[in-house]
Each structure stands twice: as C-alpha cells, then as structure tokens.
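Here's the letter readout for the chains.
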Amino acid sequence: MQMNEGLRPVTIITGASRGIGAAIAERLAADGHDLVLTYRDRATDAAAVVRACEASGARVLLLRADLADLEQAASVVPAAIAEFSTVTGLVNNAGITGRIGGFLDASIHEAELLFRVNVLAPIVLTQAAIAHMATDRGGAGGCIVNISSGAATSGAPNTYIPYAMSKAAINALTTGTAKEFGPVGVRVNTVSPGTTRTEMHAAAGRPNAPDERAPRIPMRRPGEVHEIAGAVAYLFSADASYTSGADIRVAGGI
Ligand code: NDP
C-alpha cells in the first residue's frame, strides 16, 4: 500500500458487529487503523465493537448496511470517503452460509440471498474501493482482503454447497483483481478460515459444529476469531508489501 507518511490507514470492514469481523476490527484498531465498520441488525453488539476500537485510539464510523441490498452496499465506500476523505483498505468479511443440509434440499431463494451478500456486495464494494485507490485515477493505492473459506476448495458436500460456490467466487475475485490492479498500487489477498468458533454455525442450524468437527481437524480444535484476525493484520502490514493474490489458509492443518 502506498500511503502518505504519517497518515493513518482508513479501512472498511463489513460484518464487524461480531465474530471474525469484530476481531479484525479490534486488531486493526490496535495496529493504528481508523475504521469504517458495517453491520446488518445487531446495533448493540456493533456499538460495543466501536467502543473497543476507540479505546485503542481509532476513529470509527459505524454504518448500518444490509449487503443483500446492493444499493446499500454501494453507499458504504462513498460514506467512508465523506467521513475520512480517503479509504486505504477494505475487508470483505460479512457472509452467510444458508442452512446446513444436503444439496438436493438447498433452497434456491437462500442461495440467491447468499450470493448477494457473499459475492455481489463484495463486487460492488471492491469496484468502488479500487476506483478510489488506483494510482492511475489519482489514488494512493490500497489493500483489500477477502474472507473466503476452506469450503471453497472442499465443496462442503452434505453441508452447504451453494455457500462453498460463493466462496470459490470470492477466491476468483482476489485472483483477478490482484492481477488487474497490481500495476496501480492495489494489493488483494484472501484469508480462508477453517471452522472458527462464532455464531455463524447457530445461524446455519448447527451451533455445536465447531466442536463436532474438531476430531477431523489435524490440530483437533476449531479456530478462534483472533487467529483469523492475525492473518488479516499481516496482510495489512508492511511485512506483506510484496504479497498479492495470495490465499492464507487458517484452518488448523486442513
Ligand atoms: P457471524 O455470523 O459471526 O457474523 C456475521 C457478520 O456479518 C455480522 O457482523 C453480521 O451482522 C454480518 N452480516 C450478515 N448478513 C449480513 C447482511 N445481509 N448484510 C450486512 N451484514 C451482514 O460470521 P463469522 O464471523 O463466522 O464469519 C465472517 C466471515 O468468515 C464470513 O464471510 C464467513 O463466511 C467466513 N468464515 C467463517 C467461518 C467460521 O467457521 N465461522 C469459516 C470460514 C469462513 P449482524 O451482527 O448485524 O447480523
């Protein structure tokens, strides 16, 4: 990322009210970022994350945006620029799985919703962010991290194949944009968590999934949110200045 000396990075994180997004927010705040955090419903949880980030010295803009509504998704980057005058980073984190089950029982309406949130909203956000960051458009460069999943390569049989498909699409978003926008100062990378202890599994209908899957994970335990946030923080750090198009798998050996 090319940035003016002395200026704090300004990073947008979608789905930052809880789970992995909240951990990324708190970690990047501690690393010196100002933040634009989005959430869908959980205003009280989001406010607590804002307070934690502010306690680390971050300036924070909190936005309610349902990313299934692509007009709301399109409003996020302009709101961030209006508040901070710049955006230097984006984490496409918000995601939903749909209900766990066999492929023949998968609801096409649920699949359409998860493609909006997991794929189309990241396209909209990434287009707006890169249009602002690209050095051939007067920008100062930037860094984008897409949160994918081990499901993108496992296919998640008997669990949630449409979700796995949406995460494979996110991997392609990273690969393509890293190549197209590397010449104009934008690095794009993926972090692919394995099963991580968050409320996402309850929403999918199997709250105990992390512990149920633990015996099949080489490290014999699910991931914790701070372990995913650490990989994201690396990609935003100066140590990752030549890292683009990468996929860091944080999955306990799977
Ligand atoms: P959680 O369910 O714990 O949190 C989801 C976050 O996304 C919340 O902030 C939620 O907001 C937000 N969100 C959900 N739907 C929408 C929407 N329609 N519009 C805007 N925001 C929305 O999920 P995790 O933290 O577990 O997952 C984060 C990312 O990590 C996802 O992309 C997921 O696919 C990925 N991942 C997770 C794994 C895991 O085992 N947990 C494994 C591999 C990948 P609100 O609180 O307001 O509802």
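Once a new chain begins, its residue numbering starts again from 1 and follows that chain's sequence as written. Totals for whole chains, interfaces and linings use every residue, but because this is a predicted model, local features are given only for residues with pLDDT of at least 70 and side-chain atom pairs only at 80 or more, for both listing and counting. Water and hydrogen atoms were dropped before computing side-chain values, which therefore reflect all heavy atoms in the structure.

Visitor: Lay out helix α7 (residues 161-181) with the relevant residues and their values.
Guide: A run of H or I in DSSP counts as a helix once it spans at least four residues, and a run of E counts as a strand once it spans at least two, with each numbered from the N terminus. One fewer than the residue count of a helix, multiplied by 1.5 Å, yields its expected span. The end-to-end C-alpha distance of α7 is 30 Å, a good match for the 30 Å that 21 residues give at a rise of 1.5 Å each. For α7, the set of buried residues is Pro162, Tyr163, Ala164, Ser166, Lys167, Ile170, Asn171, Leu173, Thr174, Thr177 and Ala178. Buried means the residue's accessible area, taken with a 1.4 Å probe over protein chains only, is under 20% of the maximum for its type, while exposed means over 50%, and partly exposed covers the values in between.

Visitor: Please provide a residue-by-residue account of the packing of aromatic side chains, values included.
Guide: The pairing test for Phe, Tyr and Trp rings, Trp by its six-membered ring, is centres within 6.5 Å, and the orientation test on the planes gives stacked under 30 degrees, edge-to-face over 60, and tilted for anything in between. Under the definition given, this model contains one aromatic pair. Between tyrosine 160 and tyrosine 163, the ring centres sit 4.8 Å apart and the planes meet at 70°, which makes this aromatic pair edge-to-face. The pair formed by tyrosine 160 and tyrosine 163 is uniform in burial state, with each residue classed as buried.

Visitor: Outline helix α10 (residues 225-236), listing residues and values.
Guide: The first and last C-alpha atoms of α10 sit 17 Å apart over 12 residues, in line with the 16 Å expected at 1.5 Å per residue. Along α10, the positions that sit buried rather than exposed are Ile228, Ala229, Ala231, Val232, Ala233, Leu235 and Phe236. Here, residues are in contact when the closest pair of their heavy atoms is within 4.5 Å. On its buried face, α10 sits against β1 (10-13), α1 (19-30), β4 (89-92), β5 (142-147), β6 (186-193) and β7 (247-250).

Visitor: Now, about the environment of lysine 167: what can you tell me, with residues and values included?
Guide: With respect to the secondary-structure elements, lysine 167 resides in helix α7. Using a relative accessible area of 3% as the deciding quantity, one classes lysine 167 as buried.

Visitor: Tell me what's going on with the packing of α1 against α10, and back it up with residues and numbers.
Guide: Running from N to C, α1 and α10 cross one another at 50°; their axes reach a closest spacing of 8 Å. Viewed along their axes, α1 and α10 adopt a mutual orientation that is oblique. Helix-helix and strand crossings are classified by hand; for α1 and α10 the assignment is right-handed. Residue-level contacts link Gly19, Ile20, Ala23, Ile24, Arg27 and Leu28 of α1 to Val225, His226, Ile228, Ala229, Gly230, Val232, Ala233 and Phe236 of α10. Residue type decides the class: Asp, Glu, Lys and Arg count as charged, Ala, Val, Leu, Ile, Met, Phe, Trp, Tyr, Cys and Pro as nonpolar, and the leftover types, Gly among them, as polar. Of the residues assigned to the contact of α1 with α10, the class counts are 10 nonpolar, three polar and one charged. Angles run from 0 to 180 degrees between N-to-C directions of axes, and those axes are lines fitted to C-alpha atoms, restricted for helices to the stretch in contact. Put simply, angles under 35 degrees are roughly parallel, angles over 145 are roughly antiparallel, angles from 65 to 115 are roughly perpendicular, and the rest are oblique. What makes a crossing left-handed is the near helix being turned counterclockwise from the far one by less than a right angle; a clockwise turn instead makes it right-handed.

Honestly, it's all geometry; don't read function into it.
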